Amino acid sequence: LLRRKDGPTAAARLLEEIRPQLEGLWHAAPNDRRFMLWLAMAWRLEAQLRSSTDLAAAATKAANALELDKRLISEGRANDEVIGECATAYDVEGEIAAKAGSSAAAQDDWKHAMDTLAPHLNKSRDWQLLDPDARVTAWLGRTEQARATISELTQLGYVPLDPWPEIKAVASSHDLNPGPQQQ
């Protein structure tokens, strides 16, 4: 929220202050899943902030977030919040890879996000799962699925903090074969 209100510099300053404290809390209580999740979120947010200025640092921070997220999932007690955070971290890592010119790595990250989300999406109305689903399906070119998910989120009253990825218009079969011409 601070990033949207006061800009990325203010958000970066806050994260620089908070992340070391979260690291200290997590190191003091390494089995506390909440501290681990908060630290993963902080790393992911830092990756997002740095993605416009320092792709290498952003990639490192996204990898740090994913390491913690995957650890939380591997412990077998992941809830929608953890699953969604992991998928979002994969999305961010994919966006960073795409900006760096590595479309293959980006596609791999987005596919990992889908693999993470897929078992949990059936009839879910949880924005923590649906937001990364909409983003990743858009990046993967699944435009109809992305549009449907964004529409569902909008109907639920959800307003994303970050704009949705651009969904390119895809010609429908009707556009490709308009049928008999009117005279």
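Here, every reference points to the structure presented above.
Below, the structure is looked at part by part. (Residues numbered from 1 in each chain as written. Predicted model: local features only at pLDDT ≥ 70, side-chain atom pairs only at ≥ 80, totals over all residues. Heavy atoms only, no water.)

Section: the nonpolar core
Reasoning step 1: Counting residues in hydrophobic clusters, the biggest one holds 35 residues, and the most contacted among them are Trp26, Leu39, Leu68, Leu117 and Val136.
Reasoning step 2: Counting only elements with at least two residues in this core, the list comes to helix 2 (8-28), helix 3 (33-50), helix 4 (55-74), helix 5 (80-99), helix 6 (103-117) and helix 7 (127-139).
Reasoning step 3: The leading source of residues in this core is helix 3, at eight residues.
Reasoning step 4: What Val136 contacts, discounting residues up to four positions off in sequence, is Asp91, Trp110, Ala113 and Met114.
Reasoning step 5: Counting five residues, the second largest nonpolar core, distinct from the first, contains Ala47, Ala62, Val92 and Ile96. (Core = buried A, V, L, I, M, F, W, Y, C linked by side-chain atoms within 4.5 Å. Buried < 20%, exposed > 50% of the residue type's maximum accessible area, 1.4 Å probe, protein only. Helix = DSSP H or I, 4+ residues; strand = E, 2+ residues; numbered from the N terminus. Contact = heavy atoms within 4.5 Å.)

Structural notes on the environment of Ala89
Reasoning step 1: Here Ala89 is to be found in helix 5.
Reasoning step 2: For Ala89, a relative accessible area of 1% puts it in the buried group.
Reasoning step 3: The spacing of Ala89 and Ala62 is 27 residues in sequence and 6.3 Å in space, taken between C-alpha atoms.

Everything listed here is a matter of coordinates, which is why it stays silent on function.
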